[in-house]
Amino acid sequence: MERREEQSGAAGAGGASALDFTVENVEKALHQLYYDPNIENKNLAQKWLMQAQVSPQAWHFSWQLLQPDKVPEIQYFGASALHIKISRYWSDIPTDQYESLKAQLFTQITHFASGSKIVLTRLCVALASLALSMMPDAWPCAVADMVRLFQAEDSPVDGQGRCLALLELLTVLPEEFQTSRLPQYRKGLVRTSLAVECGAVFPLLEQLLQQPSSPSCVRQKVLKCFSSWVQLEVPLQDCEALIQAAFAALQDSELFDSSVEAIVNAISQPDAQRYVNTLLKLIPLVLGLQEQLRQAVQNGDMETSHGICRIAVALGENHSRALLDQVEHWQSFLALVNMIMFCTGIPGHYPVNETTSSLTLTFWYTLQDDILSFEAEKQAVYQQVYRPVYFQLVDVLLHKAQFPSDEEYGFWSSDEKEQFRIYRVDISDTLMYVYEMLGAELLSNLYDKLGRLLTSSEEPYSWQHTEALLYGFQSIAETIDVNYSDVVPGLIGLIPRISISNVQLADTVMFTIGALSEWLADHPVMINSVLPLVLHALGNPELSVSSVSTLKKICRECKYDLPPYAANIVAVSQDVLMKQIHKTSQCMWLMQALGFLLSALQVEEILKNLHSLISPYIQQLEKLAEEIPNPSNKLAIVHILGLLSNLFTTLDISHHDDDHEGPELRKLPVPQGPNPVVVVLQQVFQLIQKVLSKWLNDAQVVEAVCAIFEKSVKTLLDDFAPMVPQLCEMLGRMYSTIPQASALDLTRQLVHIFAHEPAHFPPIEALFLLVTSVTLTLFQQGPRDHPDIVDSFMQLLAQALKRKPDLFLCERLDVKAVFQCAVLALKFPEAPTVKASCGFFTELLPRCGEVESVGKVVQEDGRMLLIAVLELND
């Protein structure tokens, strides 16, 4: 019998009757939730308890669960149930029961003032919810009443217990307001009422905080309560006394964290900038923390330095504009800026020895924006004051960006190294932003420092210092046009003088050269100064990303000046590719770099280089094509196809006609004969077909094959024409055997570029009709498992209508079936598929008059489309 009772109480979550929600069953379910090792039983108990909390019986069992003889877990559930009933089901409570409910909650809070703290907090939240629902009409002076009731001397609870309970109640009241489900019009009324009520709260908080006899636990609770109330956007001037008391409390280590939170919350209110006089009074208080800050830094007390920095940044970042406007107080604000500068340059390496400096970076953006937003005259005055500050900031940031010693860095965890990398990116972004304020003088400043460092014979320089200065250059050159800078030639001249004995320094040298690639294109005579460094770095796997990306940038920007170096670049690249020094993605980048490079050579030279470059891969592919498919040779095949694909992406021997943009993009004719890419593709076409015949059911290999042709088509445009008939035939065979999305995407490219040309229309029409027929069959079998194919098919149909509506004129095309499939695609859960289907209809509907078959289908089945579209909005 007992076992059956337990099952009905806790495990009967699905269909429990109202009678099941008894105190006994709730207690059993809670025991099951907390102590049953079986996870399914726990889940059932939790489900049942959630139902119990919202049941009408909750009003009855909640009070019983709060009895003193119950354990805290049970009492907590009772208090939580009361909160849920009051906050979510307020309309169920008769108005004549408000007062008794209020009185009961006050009584329970008084009982628990010296009991379990977690239960006390939940009861306070329940009373706060009740107060918010009754304010302002049914309980006009709610907060004042709370204060008065808890200060009553006739309570059985001691004074400190009552005080802490009251503070807990006052703390959760604004928090409950922020998360309450009050209707918008009620929220405004209650907010106004609370703003008035803070007059009953703040004097009490001030008294408790300044009273010497107040114990530490009370003062800490006062600070948390103040922190909670200021988030109701209380006028800053009303907070002055409490903010000053919070500053005084910063000297007490037990109160430090709560004080920081309260001050930062008060200062950061959006409305605070209106109270300029109060803000001006806060500056001396913040500056008064400098000695405490220095002591904390000296003693390695990261928590204290972090907290003081938060306060200084909160004042500076939130109110720089308002404080800059007070021109007569410029010196005190400058002192605050210098204090924040100290925080930016706080000693130690981020994030191991300090975590404070990162807090300050946004401040420097804000200050600069505010200065540059002034009218010319005022801006000129502040530029004069703050340019030296920003030059100092650059020095500080570059010092903070320096790597630690190799030995120290070796002890850092991978997580610390990653945090430091992100921190350096943030510094880089700040330096790039600061350039707007300092201009070309910043580059000259960096160049002078680097020059002195590299040419000084007095003392050996650290690689860290050199790397940081170069990092500064790179940060600016990556995003700012430095082509007109007069220091870049000197920098290019200095780079070969750098003694590179470290991977981090070598990486930064590479990235700096890459950032200057556009400048090198305008000054080709300097290429030879840096190219040997890049080619040498290609052989070092540790410099893989930086060296390959830099070579790619140089080959892209400077390709017409690289023919004299082409043989050497190809030879070094071939060597590192054969030695498999780089990971797959870098190998792909390297092939793109070679594509750019070869584009600028004569056709004979291109073919010669292509032959030596890809012959080893073709031989390897021939061997792989003979083997029985397995995971190992699949990876090798995909890798080789990827290399060819990336090479053909950038190998472009003809120039775009700049006057002819958009979908009609064409190229100027190439006088040298057949395009080298087409020559190579024709040579390897049979081999690719052979590979496909064995791997046709593998989406990855099919995708890799299609990528070669798709990228070639995109790059070559009209030059690809000789390949169109055989490629259409191959695609048709592929798709008929095993339909795959990548084949449809390639078909769409062919339609886009060649469908409008009479010579190519027959093979493209045949391919279009074939893939449409196969896809319609797929729809009949159930397309739900192939959202990628449906997506690509919709995009193909839209492209056909856009580029060559004649494709829809063929009698063999079942336009009705196509229309119905597109309607079905609108009902797919995948957003890209729905979007593609909408794109198709956007192209189809305007052609009702132009294409008879389309008009007829829309007339007959348009209602089906309308219903599907309306269902999309449900």
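Here the structure is a predicted model, which means the values were calculated and not measured.

**Let's talk about the overall build of the protein**
Here is step 1 of the chain: If you tally the helices and strands in the protein, you get 41 helices and zero strands.
Here is step 2 of the chain: Considering only C-alpha atoms, the protein reaches an extent of 105 × 85 × 55 Å along its principal axes.
Here is step 3 of the chain: Out of the 874 residues in the protein, the part that is buried amounts to 54%.
Here is step 4 of the chain: Long-range contacts, defined as pairs at least 24 residues apart, comprise 74% of the intrachain contacts of the protein with a sequence gap of at least 6.
Here is step 5 of the chain: Summed over all atoms, the accessible surface of the protein reaches about 39,300 Å², with 52% contributed by carbon and sulfur.
Here is step 6 of the chain: Positive and negative side-chain charges in the protein, numbering 62 and 101 respectively, have mean positions lying 4 Å apart.

**Considerations on helix α29 (residues 563-578)**
Here is step 1 of the chain: Over its 16 residues, α29 runs 23 Å from end to end, which matches the ideal 22 Å to within 8%, given 1.5 Å per residue.
Here is step 2 of the chain: Looking only at α29, the buried set comprises Ala-566, Ile-569, Val-570, Ser-573, Gln-574, Val-576 and Leu-577.
Here is step 3 of the chain: As for α29, its buried residues are in contact with α27 (527-537), α28 (544-557), α30 (584-599) and α31 (603-626).
Here is step 4 of the chain: Just downstream of α29 lies Gln-580, where phi reads positive at about 55°.

**Regarding the pattern of salt bridges**
Here is step 1 of the chain: Per the stated rule, a full pass over the model turns up 29 salt bridges.
Here is step 2 of the chain: Across the pair Arg-421 and Glu-418 runs a salt bridge, and its minimum N-O distance is 2.8 Å. Pair noted here: Arg-421 and Glu-418 are both in helix α21 (residues 414-438), with a separation of three residues, about one helical turn.
Here is step 3 of the chain: Classification of Glu-418 by relative accessible area gives partly exposed; the value is 34%.
Here is step 4 of the chain: Where salt bridges share partners, they join Arg-321, Asp-325 and Lys-378 into one cluster.

**Points about the packing of helix α37 (residues 761-781) against helix α39 (residues 815-825)**
Here is step 1 of the chain: Direction vectors running N to C along α37 and α39 enclose 50°, while the axes themselves pass 11 Å from each other. Judged by the angle between their axes, α37 and α39 are oblique. As α37 runs across α39, the sense of the crossing is left-handed. The segment α37 lies against α39, with Thr-772, Leu-776 and Phe-779 engaging Ala-817, Val-818, Cys-821 and Leu-824.
Here is step 2 of the chain: The residue makeup of the contact of α37 with α39, split by class, is six nonpolar, one polar and no charged.

**Looking at the nonpolar core**
Here is step 1 of the chain: Residues Trp-229, Tyr-386, Phe-709, Phe-720, Phe-808 and Phe-840 are the most contacted members of the largest nonpolar core, which totals 303 residues.
Here is step 2 of the chain: Take this core: its biggest share by element is 12 residues, from helix α7 (residues 117-134).
Here is step 3 of the chain: When neighbours within four sequence positions are excluded, Phe-808 is seen to be in contact with Phe-768, Leu-797, Ala-800, Leu-801, Leu-813, Val-815, Phe-840, Leu-844, Val-851, Ser-853 and Val-854.

**A word on the packing of helix α12 (residues 240-249) against helix α14 (residues 276-287)**
Here is step 1 of the chain: It is at 11 Å that the axes of α12 and α14 come closest, and there the two elements cross at 10°. Here α14 runs roughly parallel to α12, going by the angle between their axes. Here Glu-240, Ile-243, Gln-244 and Phe-247 of α12 lie close against α14, whose contacting residues are Thr-278, Lys-281, Leu-282, Leu-285 and Val-286.
Here is step 2 of the chain: Looking at side-chain class alone, the contact of α12 with α14 contains five nonpolar, two polar and two charged residues.

**Some words on the environment of Leu-494**
Here is step 1 of the chain: Mapped onto the elements, Leu-494 comes out in helix α24 (residues 488-494).
Here is step 2 of the chain: With residues near it in sequence (within four places) discarded, Leu-494 still touches Tyr-447, Leu-450, Gly-451 and Leu-454.

**A word on the side chain of Ser-837**
Here is step 1 of the chain: Take Ser-837: it is sitting in helix α40 (residues 831-844).
Here is step 2 of the chain: Taking relative accessible area as the criterion, Ser-837 reaches 0% and is therefore assigned buried.
Here is step 3 of the chain: Engagement of the side chain of Ser-837 in a polar contact is seen with the backbone oxygen of Ala-822, the distance being 2.8 Å.
Here is step 4 of the chain: With residues near it in sequence (within four places) discarded, Ser-837 still touches Met-794, Ala-822, Ala-825 and Leu-826.

**A few points about the state of the cysteines**
Here is step 1 of the chain: Counting across every chain of the model gives zero disulfides.
Here is step 2 of the chain: Summary of cysteine pairing: Cys-198 is not part of a disulfide, and the nearest cysteine sulfur, belonging to Cys-239, is at 7.4 Å.
Here is step 3 of the chain: Unpaired in this structure, Cys-309 has its nearest cysteine sulfur neighbour in Cys-343, at a distance of 3.8 Å.
Here is step 4 of the chain: Exposure remark for Cys-309: the relative accessible area of 0% places this residue in the buried category.

**So, the side chain of Ser-645**
Here is step 1 of the chain: On the secondary structure map, Ser-645 appears in helix α32 (residues 631-650).
Here is step 2 of the chain: For Ser-645, a relative accessible area of 2% translates into the label buried.
Here is step 3 of the chain: With sequence-adjacent residues up to four places away left out, Ser-645 is seen in contact with Ala-707, Ile-708 and Lys-711.

**Concerning the packing of aromatic side chains**
Here is step 1 of the chain: By the definition in use, this model includes 24 aromatic pairs.
Here is step 2 of the chain: Put simply, the rings of Tyr-350, Phe-403, Tyr-409, Trp-412, Phe-420, Tyr-423 and Trp-463 pair up and form one aromatic cluster.
Here is step 3 of the chain: Of note, Lys-85 hangs over the ring of Tyr-89, and the distance from its end group to the ring centre comes to 4.8 Å.
Here is step 4 of the chain: A cation over an aromatic ring shows up here: Lys-804 above the ring of Phe-761, its NZ or CZ 5.5 Å from the ring centre.

**Description of α7**
Here is step 1 of the chain: Between the first and last C-alpha of α7 there are 26 Å, a value that for 18 residues agrees with the 26 Å anticipated at 1.5 Å per step.
Here is step 2 of the chain: Burial within α7 is extensive, with 14 of its 18 residues counted as buried.

**Description of unusual backbone geometry**
Here is step 1 of the chain: That bond from Met-135 to Pro-136 is cis: its omega, -10°, falls within 30 degrees of zero.
Here is step 2 of the chain: With an omega of 0°, the peptide bond running from Tyr-350 to Pro-351 counts as cis.
Here is step 3 of the chain: Even without a glycine there, the phi angle at Glu-233 is positive, about 60°.
Here is step 4 of the chain: Positionally, Glu-233 belongs in the loop between α11 (216-230) and α12.
Here is step 5 of the chain: Not every positive phi belongs to a glycine, and Gln-580 is a case in point at roughly 55°.
Here is step 6 of the chain: Relative to the elements of secondary structure, Gln-580 occurs in the loop between α29 and α30.
Here is step 7 of the chain: With a relative accessible area of 66%, Gln-580 lands in the exposed category.

**Notes on the environment of Gly-316**
Here is step 1 of the chain: By the element assignment, Gly-316 lies in helix α16 (residues 302-324).
Here is step 2 of the chain: In sequence terms Gly-316 and Arg-88 are 228 residues apart; their C-alpha atoms lie 41 Å from each other.
Here is step 3 of the chain: Excluding residues within four positions of it along the chain, Gly-316 makes contact with Leu-336, Ile-340 and Phe-363.

**Here's the deal with the environment of Ala-58**
Here is step 1 of the chain: Secondary-structure assignment places Ala-58 in helix α4 (residues 58-65).
Here is step 2 of the chain: Taking the C-alpha atoms as reference, Ala-58 lies 8.2 Å from Gly-78; in sequence the two are 20 residues apart.
Here is step 3 of the chain: The residues contacting Ala-58, other than those within four sequence positions of it, are Ala-52, Gln-53 and Lys-85.

**Structural notes on the confidence of the model for the protein**
Here is step 1 of the chain: In this model, the protein carries a mean pLDDT of 90, and residues with pLDDT of at least 70 account for 95%.
Here is step 2 of the chain: Throughout residues 1-19 the model reports pLDDT below 50, and contacts reaching past four residues in sequence, or to other chains, amount to 25 contacts.
Here is step 3 of the chain: Segment residues 656-671 is flagged for pLDDT under 50; beyond a separation of four residues in sequence, or across chains, it makes 29 contacts in the model.

The rules behind each value
Residues numbered from 1 in each chain as written. Predicted model: local features only at pLDDT ≥ 70, side-chain atom pairs only at ≥ 80, totals over all residues. Heavy atoms only, no water. Helix = DSSP H or I, 4+ residues; strand = E, 2+ residues; numbered from the N terminus. Buried < 20%, exposed > 50% of the residue type's maximum accessible area, 1.4 Å probe, protein only. Contact = heavy atoms within 4.5 Å. Areas by Shrake-Rupley, 256 points an atom, 1.4 Å probe, with all protein chains shown as cover. Lys, Arg positive; Asp, Glu negative; His and termini not counted. Charge placed at Lys NZ, Arg CZ, Asp CG, Glu CD. Expected span 1.5 Å × (residues − 1). Salt bridge = Lys/Arg side-chain N within 4 Å of Asp/Glu carboxyl O. Axes fitted to C-alpha atoms, helices over the stretch in contact; angles between N-to-C directions. Parallel < 35°, antiparallel > 145°, perpendicular 65-115°, else oblique. Left-handed = near helix turned anticlockwise from the far one by under 90°. Nonpolar A, V, L, I, M, F, W, Y, C, P; charged D, E, K, R; others polar. Core = buried A, V, L, I, M, F, W, Y, C linked by side-chain atoms within 4.5 Å. Polar contact = N/O pair within 3.5 Å; in protein donor to acceptor, adjacent residues only side chain to side chain. Disulfide = S-S within 2.5 Å. Phe/Tyr/Trp six-rings, centres within 6.5 Å; stacked < 30°, edge-to-face > 60°. Lys NZ or Arg CZ within 6 Å of the ring centre and 35° of its normal. pLDDT = per-residue confidence, 0-100.

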